Amino acid sequence: MSRSFKDVWWIAFICVFCIFSTYGLGFIGWDLLVSKYQQYFLVLIPMILTLINFHSVRGYNGVWKSIIPYMIIMPFISCISKLLILGEDAFSIMYPIYISLTFFMFYAYSAYKVSESTIINGFLIIGLITLVIQIYQQITGVVYFDLFMRFFTQESTRNDLSRYQIGCPYLQLFCFLYVWDKAKEKMTPIYLVLTALFGVSVYLYLTRQLLAIAIAAIFISFFINGKKQSKKIWVVSLILLIYGMYKYWDALFSNFVTETKTDDGFFIRFVSIEFFFNQTFSNIFGTIFGFGQSSYEERWYSKGIFASDAGISGDMYHYGITWAIVYLVQVYKIFKVHKGIPVYIKLFVIATFINCIFSLPYHAYDQAFIWVSMLYIESLYVNKSPKYSRRYEK
């Protein structure tokens, strides 16, 4: 397989995987077009690619050599735990298995030596397609893509704009931080335009947590060392950012602040966090192996208690206390060996860490795909660094 063909193939596969993992970027008729078996087959491909190249990945001894097997095995174990604790069919809900299979992508990337630029290009393509859909639907009001409509019938609005769940918000955040990092290094027209476009995309999700962590990451980026930057560019960027936030704060964000103060739905998240934290430790077997994702949780929905709102506590309930510990280990490892790692990787980890109390960065399998891709890119830098090359030598 020639390098150029391999790159094109992987970009195409990354795009297709992003589309499937977001149910057609939130396409309303996705369930009618794509059967469950087609969905199952697509998510099996990373495992199939790993098995085909098992001889080249079985001896992997890189920075995530212990973490990736755990991420693959634990969701499956939680399904068995659900069967034993709750007496519910182990595979009645397939989302944990989707997450498990998605983490095989790390080994598939490794086996084919997929480059950082290939992954980024795939993400940027899907990110720009998502942005076009967002803008089109806001302008025309014609809605074809909205994952919310799988669960809610009433249209949601915020700040005089319609809220649509299109694609994966964390993919858009990842792309935004990538182009922002590049623009901060060197203010070329292409990266300035892309930064503006992905900034619009992140804003159009109209999600308070997403906006908050994006803004936090921008400010933090000025204090994280990356490639040498012009001091003039650094100062000008910071001044423009502060001025823009001051000038347009009311128009862009005042409604979000007001709604947060009066929104009971925001504060009930803390009820969900406390509830699932307590539930996790209600059974020693469940504490260790998790209770899995089950229809059992539906009895709590009427009270506004959702595991998806409980962040790290909700996922700890599903997969056990070690799931939370391993997440913190990953964050720690990334910053322990932070030298040489691209700034956008560090910013993405910081931003999602800030939000982990409300949403773990791989709660769903579209997010897991972004996370495992990030881990792989990070490993490319760590494994080749002089300090760690011998330690992680195959």
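Given the structure is predicted, the values throughout are model-derived calculations rather than measurements.

Conventions we followed
- Residue indices begin from 1 for each chain and proceed along its sequence in written order.
- Per-residue local features of the predicted model are confined to residues with pLDDT of at least 70, and side-chain atom pairs are confined, for both listing and counting, to 80 or more; whole-chain, interface and lining totals are unaffected and use all residues.
- Neither water nor hydrogens contribute to the side-chain values; these are computed over all heavy atoms in the structure.
- In plain words, nonpolar cores are sets of buried Ala, Val, Leu, Ile, Met, Phe, Trp, Tyr and Cys residues tied together by side-chain atoms within 4.5 Å.
- The cut-offs for exposure are 20% and 50% of the maximum accessible area for each residue type, with area from a 1.4 Å probe on protein chains only; residues under the lower value are buried, those over the upper are exposed, and the others partly exposed.
- What makes two residues a contact is simply this: any of their non-hydrogen atoms within 4.5 Å.
- An axis is simply a line fitted to the C-alpha atoms; with a helix, the fit covers only the stretch in contact. Between two such axes, the angle follows the N-to-C directions and lies from 0 to 180 degrees.
- The secondary structure listing takes helices from DSSP runs of H or I that are at least 4 residues long and strands from runs of E that are at least 2 residues long, numbered from the N terminus.
- Residues are grouped as follows: nonpolar covers Ala, Val, Leu, Ile, Met, Phe, Trp, Tyr, Cys and Pro; charged covers Asp, Glu, Lys and Arg; every other residue, Gly included, is treated as polar.
- Salt bridges are defined as contacts in which a side-chain nitrogen from Lys or Arg sits within 4 Å of a carboxyl oxygen from Asp or Glu.

S.K.: Explain the nonpolar core to me, and be specific about the residues and the numbers.
M.R.: Ranked by size, the top nonpolar core spans 109 residues in total, and within it Phe 103, Phe 123 and Phe 174 carry the most contacts. The contact partners of Phe 103, leaving out residues within four places of it in the chain, are Ile 68, Met 71, Ile 72, Tyr 362, Ala 368, Trp 371 and Val 372. Counting residues in hydrophobic clusters, the runner-up holds 10 residues, among them Phe 291, Trp 300, Ile 305 and Phe 358.

S.K.: Mind laying out the packing of helix H4 (residues 36-52) against helix H7 (residues 95-102), listing which residues take part and the relevant values?
M.R.: Two elements in contact, H4 and H7, have axes separated by 8 Å at closest approach and are oriented at 30°. Contact with H4, carried on its side by Gln 39, Tyr 40, Val 43, Leu 44, Pro 46 and Met 47, involves Tyr 98, Leu 101 and Thr 102 of H7 and no other residues of that element. For the contact of H4 with H7, the per-class residue count stands at 7 nonpolar, 2 polar and no charged.

S.K.: So what's going on with the pattern of salt bridges? Which residues, and what values?
M.R.: Inspection of every chain in the model, using the stated rule, returns 2 salt bridges. Glu 88 is the partner of Lys 82 in a salt bridge, and the nearest nitrogen-oxygen pair spans 3.9 Å. Taking relative accessible area as the criterion, Lys 82 reaches 1% and is therefore assigned buried. Given a relative accessible area of 14%, Glu 88 falls into the buried group. With a shortest N-O distance of 3.3 Å, Arg 269 and Asp 309 are connected by a salt bridge. Of this pair, Arg 269 sits in helix H14 (residues 264-280) while Asp 309 sits in the loop between helix H16 (298-301) and helix H17 (311-319), and the two are 40 residues apart along the sequence. Classification of Arg 269 as buried rests on a relative accessible area of 17%. Take Asp 309: its relative accessible area is 17%, and that puts it in the buried class.

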